Amino acid sequence: MAGIVLITGAARGIGRGLAKKFAAEGWLVLAAARRTTDVSLDPAIHAIPLDVLSDDSVSSAAATIAAGYPCIDMLINNTAVFPGEGNERLEDIPAEWFEDAFATNVVGVIRVTRAFLPLLRKSASARIINISSGAGTVSEKTDSAYYPYSVSKAALNMLTRAMAAEYREEKIPVFALSPGWVKTDMGGSAAPLSVEESAGSLFQTTTRLELEKSGGFFGRDGEVYPW
Ligand SMILES: NC(=O)c1ccc[n+]([C@@H]2O[C@H](COP(=O)([O-])OP(=O)(O)OC[C@H]3O[C@@H](n4cnc5c(N)ncnc54)[C@H](OP(=O)(O)O)[C@@H]3O)[C@@H](O)[C@H]2O)c1
């Protein structure tokens, strides 16, 4: 076994693609999802019920994993929501869309990471991957698209930097990775990349990035992204 990876939002989209890729590469996959009936029954993929919005759900998932597995070598915070269509004007966006985007895309990552740090600390070489987005790039922003989603992903990038600084001493690197524009429910059918292409590149990058690069923001092939 190459290692144990916990992937959130693993029932569909990129999370599901990552679960299959890691399993095919010899990893034991803890596929966390709200509806575990949608998680593949591959023997190397173990379904874990987990809703990132719920303290109870996350702590019960942590207890289940602590009872059945020695450690977590990689945590992939993949879950996200994209409220609205993306082209709404600021004055027309309900405040709840911003709250929903932050609750899942930022606070959800914090809740999950805190709960699984004790299991990451049991690994000889743990790492944390936050699935971000080119939409979270502040320096390249020239339009007003995707307000709730893009501001939440920019916040996730800041969270990644802060976590990297805090956990550097413990040698737990934290990276923000953009998967590219991918054909999923969120990415839509016009996206150029398949889930398999994105997950294949992300697998290579997540397993190869070195500790010294902790706190960085990268594309799926490991190219440096602007902040
Ligand atoms: N697709 C793209 O083009 C693209 C581009 C840039 C970045 N990304 C990022 O890539 C990641 C995956 O995106 P995707 O395209 O695969 O999205 P997706 O197809 O919309 O899937 C989102 C996943 O998140 C899960 N999820 C949502 N809320 C949850 C919650 N409260 N608890 C647990 N799971 C929850 C969903 O589970 P349910 O089935 O239970 O709803 C689903 O498995 C996200 O971080 C996204 O921002 C995607």
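It should be emphasised that the depicted structure is a prediction, and the values quoted were computed from it without experimental measurement. Numbering of residues starts from 1 in each chain and follows the order in which that chain's sequence is written. Given that this is a predicted model, residues contribute local features only at a pLDDT of at least 70 and side-chain atom pairs are listed and counted only at 80 or more, while totals for whole chains, interfaces and linings are drawn from all residues. In computing side-chain values, all of the structure's heavy atoms are included and hydrogens and water are not.

Q: I'd like a rundown of the site of the ligand, residues and numbers included.
A: We define proximity as follows: a residue is near a molecule or strand when any one of its heavy atoms falls within 4 Å of that partner. Around the ligand there are 28 residues in total, and Arg12, Arg34, Tyr149, Val182 and Thr184 lie nearest to it. Any pair of nitrogen or oxygen atoms within 3.5 Å is treated as a polar contact; in protein, a donor-acceptor pairing is required on top of that, and neighbouring residues in sequence qualify only through side-chain atoms on both sides. At a separation of 2.8 Å, an oxygen atom of the ligand approaches a polar backbone atom of Ile14. The backbone of Val52 places a nitrogen or oxygen atom 3.0 Å from a nitrogen atom of the ligand. Contact with the protein chains hides 95% of the accessible area of the ligand, taken as 900 Å² for the molecule alone. Secondary structure is summarised from DSSP: a helix means a run of H or I of at least four residues, a strand means a run of E of at least two, and numbering begins at the N terminus for each. Looking at the shell around the ligand, the elements with two or more residues in it are helix H1 (13-24) and helix H4 (147-167). Here the term charged refers only to Asp, Glu, Lys and Arg, the term nonpolar to Ala, Val, Leu, Ile, Met, Phe, Trp, Tyr, Cys and Pro, and the term polar to all other amino acids, Gly among them. Class assignment of the residues belonging to the shell around the ligand gives a composition of 13 nonpolar, nine polar and six charged. Each accessible area is a Shrake-Rupley estimate made with a 1.4 Å probe; only the visible protein chains count as cover when residues are assessed.

Q: Outline the environment of Ser189, listing residues and values.
A: Among the secondary structure elements, Ser189 is positioned in the loop between strand S6 (174-177) and helix H5 (195-208). On the basis of relative accessibility, which here comes to 69%, the residue Ser189 falls in the exposed class. C-alpha of Ser189 to C-alpha of Ala115: the two residues are 74 residues apart in sequence and 35 Å apart in space. Each residue is placed in one exposure class: buried if its accessible area under a 1.4 Å probe, protein chains only, is under 20% of its type's maximum, exposed if it is over 50%, and partly exposed if it falls in between.

Q: If you had to explain the environment of Phe82 to someone new, which residues and values would you point to?
A: Within the secondary structure, Phe82 is located in the loop between strand S4 (74-77) and helix H3 (95-120). Residue class for Phe82 comes out partly exposed when judged on its relative accessible area of 25%. For Phe82 and Ala101, which are 19 residues apart along the polypeptide, the C-alpha to C-alpha distance reads 6.7 Å.

Q: I'd like a rundown of H3, residues and numbers included.
A: The length a helix should cover is 1.5 Å for every residue beyond the first. With 26 residues, H3 extends 35 Å between its outermost C-alpha atoms, agreeing within 8% with the 38 Å of an ideal straight helix rising 1.5 Å per residue. The quantity called bend is, for any residue, the angle between two axes fitted respectively to the seven residues ending at it and the seven beginning at it. Of all the bends in H3, the largest measures some 40° and sits at Val107.

Q: Describe in detail the side chain of Asn77, supporting the description with residues and values.
A: Mapped onto the elements, Asn77 comes out in strand S4. Residue classification places Asn77 among the buried positions, given a relative accessible area of 3%. Engagement of the side chain of Asn77 in a polar contact is seen with the side chain of Asn130, the distance being 2.9 Å. The contact criterion used throughout is that any non-hydrogen atoms of two residues lie within 4.5 Å. Not counting chain neighbours up to four residues away, the residues in contact with Asn77 comprise Thr8, Val109, Val112, Thr113, Ile128, Ile129, Asn130 and Ile131.

Q: Could you give me a rundown of the sheet that holds strand S3 (residues 45-49), with the residues and numbers involved?
A: Within a sheet, each strand pairs with its neighbour through backbone hydrogen bonds, oriented either parallel or antiparallel. Pairing between strands requires that DSSP locate at least two bridges from one strand to the other. An order of S3-S2-S1-S4-S5-S6-S7 is seen for the seven strands of this open sheet, with the pairing classed as parallel. Of all the strands in the sheet, just S3 and strand S7 (217-218) have a single pairing partner and so form its edges. Strand direction decides the pairing type here: S6 and S7, joined by two bridges, are parallel. From the neighbouring strand, Ala176 faces S7, where its bridge partner is Phe217. Axis definition: a line fit to C-alpha positions, over the contact stretch in the case of helices; interaxial angles, taken between N-to-C directions, run 0 to 180 degrees. Along the sheet face, H1 touches strand S1 (4-7), strand S2 (28-33), S3 and S4 and points at about 170° away from the line of S1. The strands touched by helix H2 (residues 55-68) are S1, S2 and S3; relative to S3, the strand with the most contacts, the crossing angle is about 145°.

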